[in-house]
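Structural characterization, general
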Amino acid sequence: VFWFFFQNFVPSFGKETVRTTAVTPQFEQNMDYVDFVHLNILEKKVLNNSEVSVQYLCSKPCIVNLEAVASSEFRTGVPVYRRRWKDEKNLYVSRTRQVHLKFPSIMVYRDDYIIRNSIIVHSVILYAWISHKSVSSYDVEQNEDYQNAVAKNYTFLEAVPPFKRPFKDHKVCLQWGADYLWMLQANRIPQCPHESDGVQILNFIYASSGEKTGIVKKFEQFENRELETVRQHQIDYPMFTVSIWLYLLHHCEKDLCGILYFIDLKEMYSTPAVFLNEEGYVHIQMHLMRGDDLAVKTSFSLPLKQWFRLDLSFKGGQIEVSSVGKNLKRHHHQSFTFREDFYYDDTAGYFVVGGSGYVNGIEAFFGPVKYYRLNVLETEQISNPLHDKETVEQIELYYERCMDIQEIVYEYRYIVRQGEKVQRNCYYESYYLELIHKYGEKSKCDAFMWGKELREKYHTLFKLLQEMDFSAPDVLEDGSDTVLEVGRRIFEKVAKSLSSADGLSNMGSSVPLLVDSSCCGYHKASYFLAVTFETGLGVSVDRTKGLLYSLVGAQGNERLAVMNLGYKHYQGINNYPLDLELSYAYYSNIATKTSLDQHTIKGEQAFVETIRLMDDELLKAQTKENGDVFMWLKHEASRGNAAAQQRLAQMLFWGQQGVAKNPEAAIEWYAKGAIETEDPVLIYDYAIVLFKGQGVKKNTKLALELMKKAAAKGLPQAVNGLGWYYHNFKKDYRKAAEHWLIAEELGNPDASYNLGVLYLDGIHPGVPGRNQTVAARYFYKAAQGGHIEGTLRCSLYYITGNMEDFPRDPEKAVIWAKHIAEKNGYLGHVIRKALNAYLELSWHEALLHYVLAAETGIEVSQSNLAHICEERPDLARKYLATDCVWRYYNFSVSQVNAPSFAYLKMGDFYYYGYQNQSKDLELSIRMYAQAALEGDSQGFFNLALVMEEGNSIPSYILDHLEIDQALHSSNTSLLQELYYRCWNNSNQESISPCSLALLYFYMRVFWNNILQSTLIYFMGTFLLSILVAFAVQYFQSLSARNSPGTRSEPSSDEPSSSRNSNEDATSLVQPDESTFSNDLAQQDSNPQNPLVMS
């Protein structure tokens, strides 16, 4: 469509003055004629060659104008047709002229191979007008516009929808291929995408702990072209609304805490940025069109410990802020007006709900969050209800109860302390009383100041308080620390009771104590309660309470509770909605803590080891300080064996292989090895602890000497350590980069990460400014090498989608963050306690701790728990309300790193049917195929048996197994391929069921081809079967005679499969232990972009 602008110039034949008179016939001068123009159209539609009848009359020489103006979805008032003609002779006479309208092809024809994008026309107006022609003697510009016409008229033409228009005959001949491709899609009518500008950012309760993690949401352009056009028009005049439900626990402890804000492509705050300050006021920051930022603050503060809705609407340069209660009545309202409009493009970056790497989040529970991208709505018009009202009410009731409990504990401690002060004053006067105080019973508060009703309501709490010694040094003077300490003591008492023999039978009576502990702020108890109610561990299943305590524990930063929520939202199980962004918010929180926890040698942490209960070799390798393996290593280390010293020091430093964590003892072995054996790894490890002062006094000079010594021996991590030294201590970035480049060439992932930090901070020698793209590539390389911080940064790139090399992929972001979170030492401690209990045959404790670990989503604990339930079905049925075996094997096969034996188990369950679960042949085949893809010969064997029993394998599964169906079209050929792969993936050095099955298959084929007689074939096959059976029995007897004794296990009453033909295939090899040097990381240099030296 083209714009046509022109002006008409007419020659003048005489100077017009007041004395000139027009020359007209005498009889016409006395008649009153009025100019007019009329339009007559037979079919008022936008069609090519539509005929228009223009009737007009001119009283003077005139110009008749005809113009069509169209409005589309992209532009308005566009001239699409123009026609004009002069009439100088036919004055005072009505004339009629036929005009054929001609419109652009994209307005009147359908899309075809040449017309690619026909437009949707909203309206077309056909204007007609008359302007008198100038008769002046001089050239003057003619004023021929519609507004100044002496006569004018218009009519509307009806637009024809694109798919009701005809195809255009282009008078060209397409090539056969192009014509065929066009005909395939010629009659397809695309459906307009159903889109709304109302987006539910959050539809489930989110527990925000106030950390630097939150929910990341990114919005793309609208698919609907009309909505996208509106959005683009509103970039310089934004019109949008945000509605957020909140349950605030505390106001911000920092300057500002994030509620909801937008981060642009340059990683800068943009419109809008909504924060909470220390006083509870809402801080709103906007990015203006001229490029700078302005902020305002509300005059009202947000309430604590009650649900309310915060509504914010933005229109041009105006902001409306409202606070609404649960009853939807407005509590507060305030308006702000800026002198300049805001700049707002919600596709050029990402939204964050809560915290991020730039700001801490608020300590609160987020309810539903609704975002209207294109509309400004009043409070009454916003549709954002609180859906889960039961959980909402439970949260309110929980914190009301907890306020009572914390007040009781605080006041009780105060009373006891005051009484002790009075008694202490008397001790100075009586030596006898002082001895009684020192060695006698501790003070108790028997005279209560609380009423009978309150004492009965919290009778368990009062009983526990009477038993506690508040004069102990671990009960501090500060009231909040005292409340937390009381919660810890209550929890430890309950945990000890539950871990005893038949301890799970006490779960029902332990729940009130765990609730009290949770209310005191000790959120390990909260996670215990969450798992107890969700799985029905010794109590009835209560999903609402399970969700409540999961949220409470996660808000209190209990690591296992946070991981539990991340896992449930990742899988979308147990009535938790599938929400990858919400899952990432939880997992990234723990992933960030994992790196920090590894640098903290204190706390209940242990190295997370992949030890499966069905792997007898790994179980035998577990030891303790008085175990044979540990004593042998200690003996070898004392004799100067460097490998033994390394392993012993690692076990003690990280708490591996069943040994209790003892950093001080580990450092002694590092020092001994570094001095005596000259082993570069031991020298390097000892240098690290000297640099950091972990368990030993810092000694930078000696550490540098040792680091140089290890680097001279060619140790890559030592070369990286020297770069870290020059960066942190000498600020010599050139030398640091040189060492890191050398270490990176040697394959050290820490060096890759550190080089990325140099580029990110803009301090790489010879490279001006920051280069996030190159930095991201180094981080990715470090992540590929298993680097924790590198993996975490890459997961952030995948969730935000702000980096060119990292297209947005929330699922990949969750997987990477989950991988790091599952290395957390506090989770490792729970897994280690479960494993130790299992080895000691403490079944109740093992079941309890494996359930706690399995509900966080770590696969090894899920499959181990299912194994325990198979070993002890009586225990599982008595104390677990859920079907333990089915639930946790099913969870296991849903994981990225699921073991093949879990697929085989689930395949058997689907094939035979398991208790209340129905049979499903296709799912069974899928499970066997997945086990086969993992390289398990049992999977191929089971697939072959499925075919032997007359079933077929779906073609998509064969494609997944990369079996060419053209080459293996017959069942015989396909069976041969399956049995061959079974044999190829099994131990070929010994006789296995796969080798016997393959041999038997070949003999059957041979017999079938050679002997055609039915009787001979039957007799031969029968005798051959007997021969093979005797051979199998003979080899089994030999194997049983020569095999050593194995750990006996109680038989399971679950259905067993005849398919478990290769038990060796179900045991996994223990992964390589990560060395000390690969697990220590440095974060001392820059809190924003930490450098690591190992």
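Presented here is an overview of the structure given in this document. (Residues numbered from 1 in each chain as written. Predicted model: local features only at pLDDT ≥ 70, side-chain atom pairs only at ≥ 80, totals over all residues. Heavy atoms only, no water.)

**Structural notes on the environment of Ala703**
Put simply, the rule reads: Strands are runs of DSSP state E lasting at least 2 residues, helices are runs of H or I lasting at least 4, and numbering of each runs from the N terminus. In what follows, a contact means two residues having at least one pair of non-hydrogen atoms within 4.5 Å.
Take Ala703: it is sitting in helix H20 (residues 700-712). Each C-alpha atom, one on Ala703 and one on Asp685, is 9.7 Å from the other, the two residues being 18 residues apart in sequence. Apart from the residues lying within four places of it in its own chain, the contact partners of Ala703 are Ala687, Leu690 and Phe691.

**Topic: the packing of aromatic side chains**
Selection criterion: Ring geometry is summarised as follows: Phe, Tyr and Trp rings, the Trp one being its six-membered ring, pair when their centres sit within 6.5 Å, and such pairs are stacked at plane angles under 30 degrees, edge-to-face over 60 and tilted between the two. Think of it in three bands: residues with accessible area under 20% of the maximum for their type are buried, residues over 50% are exposed, and the middle band is partly exposed, with areas taken using a 1.4 Å probe on protein chains only. Criterion for a charge above a ring: Lys NZ or Arg CZ within 6 Å of the ring centre, and within 35 degrees of the ring normal.
With the rule as written, the count across this model stands at 55 aromatic pairs. Look at Phe691 and Phe729: their rings are 5.8 Å apart centre to centre, the planes differ by 35°, and that puts the pair in the tilted class. Of the two residues, Phe691 sits in helix H19 (residues 680-692) while Phe729 sits in the loop between helix H21 (716-728) and helix H22 (733-745), which places them 38 residues apart along the sequence. Here Phe691 falls in the buried class, since its relative accessible area comes to 3%. Among the aromatic side chains, those forming a connected cluster through ring pairs are Phe219, Phe240, Phe262, Phe314, Tyr344, Phe351 and Tyr371. Across from the ring centre of Phe222, 4.2 Å away, lies the NZ or CZ of Arg373, which sits over that ring.

**Quick notes on unusual backbone geometry**
Following Thr271, the chain continues to Pro272 via a peptide bond in cis, the omega torsion being -10°. Along the chain, the position of Pro272 falls in strand S15 (residues 269-277). Although it is not a glycine, Leu328 adopts a positive phi angle of roughly 65°. Within the fold, Leu328 resides in the loop between strand S19 (318-325) and strand S20 (330-337).

**Considerations on the sheet that holds strand S7 (residues 121-132)**
Threshold: Two strands are counted as paired when DSSP detects at least two bridges linking them. Every axis in this analysis is a line fitted to C-alpha atoms, fitted for helices over the stretch in contact. Angles between the N-to-C directions lie between 0 and 180 degrees.
Taken in spatial order, the four strands line up as S5-S4-S7-S9 in an open sheet, and their pairing is antiparallel. Across the chains shown, the open sheet's two edge strands, defined by having one partner strand only, are strand S5 (78-87) and strand S9 (151-157). Put simply, the sheet's adjacent strands are angled 15° from each other on average, direction ignored. Here strand S4 (residues 62-72) runs beside S7; their pairing, made up of eleven bridges, is antiparallel. By the bridge assignment, Glu67 is partnered in S7 with Tyr127.

**Things to note about a nonpolar patch on the surface**
Quick reminder of the rule: The patches reported here contain residues having more than 30% relative accessible area and no salt bridge. Joining distances are 9 Å for like charges and 5 Å for nonpolar side chains (Val, Leu, Ile, Met, Phe, Trp, Tyr). For the area figures, the Shrake-Rupley method with a 1.4 Å probe applies, and any residue is considered shielded solely by the protein chains shown. The salt bridge criterion pairs a side-chain nitrogen of Lys or Arg with a carboxyl oxygen of Asp or Glu, the two atoms within 4 Å.
Judged by side-chain polarity, Tyr113, Ile114, Val172 and Leu174 come together as a nonpolar surface patch covering roughly 330 Å² of accessible area. As for its placement among the helices and strands, Leu174 is situated in the loop between S9 and helix H3 (176-185).

**As for the sheet that holds strand S2 (residues 36-41)**
With antiparallel pairing, three strands are arranged side by side in an open sheet as S2-S3-S6. One side of each edge strand has no neighbouring strand; the edge strands of this open sheet are S2 and strand S6 (95-101). In this sheet, neighbouring strand axes are inclined to one another by 25° on average, regardless of whether the strands run parallel or antiparallel. Here seven bridges tie strand S3 (residues 50-57) to S6, and the two strands are oriented antiparallel to one another. Bridging across to S6, Glu51 finds its partner in His100.

**Concerning the state of the cysteines**
Cut-off, in case you're wondering: We call a pair of cysteine sulfur atoms a disulfide whenever their separation is within 2.5 Å.
Applying the stated criterion across every chain yields a total of five disulfides. Note that Cys58 is cross-linked by a disulfide to Cys62, the S-S spacing being 1.9 Å. Because the sign of the S-S torsion sets the handedness, a value of about 75° for the bond joining Cys58 and Cys62 places this disulfide among the right-handed ones. Residue Cys58 shares its accessibility class with Cys62, and that shared class is buried. The disulfide bridge from Cys982 ends at Cys994, spanning 1.7 Å between sulfur atoms. What sets the handedness of the Cys982 and Cys994 disulfide is the S-S torsion sign, and at about -45° it is left-handed.

**Details of the packing of helix H10 (residues 507-519) against helix H11 (residues 524-535)**
Cut-off, in case you're wondering: We call two directions roughly parallel when the angle between them is under 35 degrees, roughly antiparallel when it is over 145, roughly perpendicular when it lies between 65 and 115, and oblique otherwise. Rotating anticlockwise by less than a right angle from the far helix to the near helix defines a left-handed crossing, while the corresponding clockwise rotation defines a right-handed one.
Between H10 and H11, the least distance of the axes is 8 Å, while the angle of their chain directions is 140°. For the element pair H10 / H11, the angle class is oblique. Crossing geometry of H10 relative to H11 is assigned as left-handed. Residues Met507, Val511, Leu514, Val515, Ser517 and Ser518 of H10 lie in contact with H11, whose contacting residues are Ala525, Ser526, Phe528, Leu529, Thr532 and Phe533.

**Quick word on the pairing of strand S17 (residues 293-301)**
By the bridge criterion, six bridges tie strand S16 (residues 281-287) to S17 in an arrangement that is antiparallel. Considered in S17, the bridge of His283 is made with Lys297. Hairpin connection, S16 to S17: the antiparallel pair is bridged by five residues, and Gly291 has positive phi, about 110°.

**Quick look at the pattern of salt bridges**
Under the criterion given, the structure shown has 34 salt bridges. Between Lys133 and Glu88 there is a salt bridge, with the nearest N and O atoms lying 1.9 Å from each other. Taken as a pair, Lys133 in the loop between S7 and strand S8 (137-141) and Glu88 in the loop between S5 and S6 lie far apart in primary sequence, 45 residues in all. Residue Glu88 is classed as partly exposed on the basis of its relative accessible area, which comes to 41%. In this structure, the salt-bridge partner of Lys568 is Glu534, at a minimum N-O distance of 2.7 Å. Placement of the pair is Lys568 in helix H13 (residues 559-571) and Glu534 in helix H11, with a sequence separation of 34 residues. By relative accessible area, which is 0% here, Lys568 ends up buried. In this structure Glu534 comes out as buried when scored by relative accessible area, which is 2%. Put simply, Glu228, Arg231, Asp345, Asp346 and Arg373 are held in one network by salt bridges that share partners.

**Some points on the packing of helix H28 (residues 843-854) against helix H29 (residues 859-871)**
Heads up, the rule is: Polar here means any residue other than Ala, Val, Leu, Ile, Met, Phe, Trp, Tyr, Cys and Pro, which are nonpolar, and Asp, Glu, Lys and Arg, which are charged; Gly is therefore polar.
Between H28 and H29, the least distance of the axes is 8 Å, while the angle of their chain directions is 145°. In this structure, H28 crosses over H29, and the sense of that crossing is left-handed. Between H28 and H29, the residues in contact are Trp843, Ala846, Leu847, Tyr850, Val851, Ala853 and Ala854 and Ser861, Gln862, Asn864, Leu865, Ile868 and Glu871, respectively. The residue makeup of the contact of H28 with H29, split by class, is nine nonpolar, three polar and one charged.

**A short note on the nonpolar core**
Heads up, the rule is: As used here, the term nonpolar core means buried Ala, Val, Leu, Ile, Met, Phe, Trp, Tyr and Cys residues forming a set that is joined through side-chain atoms within 4.5 Å.
Core analysis: the largest hydrophobic core is formed by 265 residues, its most contacted members being Ile259 and Phe365. What Ile259 contacts, discounting residues up to four positions off in sequence, is Ile244, Leu246, Val274, Phe275, Leu276, Leu302, Val352, Val353, Gly354, Ile362 and Phe366. Counting 32 residues, the second largest nonpolar core, distinct from the first, contains Leu39, Cys62, Ala68 and Val121.

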